[in-house]
Amino acid sequence: MSVSQAAEVLPGYGQCASTPGVSWLADDNPQMTIQPGASAKLVVTLDANVPAISQPGSYTATLTVGAKTPYRMAPVTVTLTVNPPKSWGKITGTVAGAACSAASSPLAGATVRINSGKANYTLKTDSSGQYVLWLDTRNNPLTLIAAKDGWAP
């Protein structure tokens, strides 16, 4: 008896396609052929100087690797950490409200408007009622207004 080792990828069951649109992530060779038993290096470039990145913080993307094999290839998570310039300051806070007979609690989805002589910014609070914005200190002084339907600003 002889045993044959072979595998075939059925149509429609290949690797998932990656979705484009991560402007800060690029690779030097999006498609290459690697012979069995061989390896190859892929150079990935991260660039924080793109319009999609306007604030410091961590940005993540998934780099998918496709292959003509029946075996799943694990995606690679890529993280870009952007630090603020030295002249920037962090504006952060929690918007909370108190009903007449209740304790104060965070307001999710509140609108926070930050105005300066140079620009205006509109933020929404997260599920914890928090907001964050990094700005150059040359934007001082700032005016901040928080509002939510059903609440006085």
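To be clear, the structure that these remarks concern was listed above.
Let me sum up the structure you'll find in this document. (Residues numbered from 1 in each chain as written. Predicted model: local features only at pLDDT ≥ 70, side-chain atom pairs only at ≥ 80, totals over all residues. Heavy atoms only, no water.)

It is worth spelling out the environment of Ile-114 at this point. Topologically, Ile-114 is positioned in strand β8 (residues 111–115). Note on Ile-114: relative accessible area 1%, which makes it buried. Sequence spacing of Ile-114 and Thr-143 is 29 residues, and the spatial spacing of their C-alpha atoms is 5.7 Å. When near neighbours in sequence (up to four residues on either side) are disregarded, Ile-114 contacts Ile-91, Ala-119, Asn-120, Tyr-121, Leu-123, Leu-133, Leu-135, Leu-142, Thr-143 and Leu-144. (Helix = DSSP H or I, 4+ residues; strand = E, 2+ residues; numbered from the N terminus. Buried < 20%, exposed > 50% of the residue type's maximum accessible area, 1.4 Å probe, protein only. Contact = heavy atoms within 4.5 Å.)

Our focus in this paragraph is the side chain of Ser-116. With respect to the helices and strands, Ser-116 occurs in the loop between β8 and β9 (120–124). Polar contacts involving the side chain of Ser-116 include one to the main-chain amide nitrogen of Lys-118, which spans 3.1 Å. Only 3.2 Å separates the side chain of Ser-116 from the side chain of Asn-139, close enough to count as a polar contact. Not counting chain neighbours up to four residues away, the residues in contact with Ser-116 comprise Asn-139, Pro-141 and Leu-142. (Polar contact = N/O pair within 3.5 Å; in protein donor to acceptor, adjacent residues only side chain to side chain.)

Quick look at unusual backbone geometry now. At the junction of Asn-140 and Pro-141, the peptide bond is cis and its omega measures out at -5° in the coordinates. With respect to the secondary-structure elements, Pro-141 resides in the loop between β10 (130–136) and β11 (143–147).

The strand order across the open sheet built from three strands is β9-β8-β11, with neighbouring strands paired in antiparallel fashion. The sheet is open, and its two borders are formed by β9 and β11, each paired with just one other strand. Between one strand axis and the next, the sheet turns by 15° as a mean value, whatever way the strands run. Examined bridge by bridge, β8 and β9 share five bridges and lie antiparallel to one another. Looking across to β9, one finds that Asn-115 is bridged to Asn-120. (Pairing = 2+ DSSP bridges. Axes fitted to C-alpha atoms, helices over the stretch in contact; angles between N-to-C directions.)

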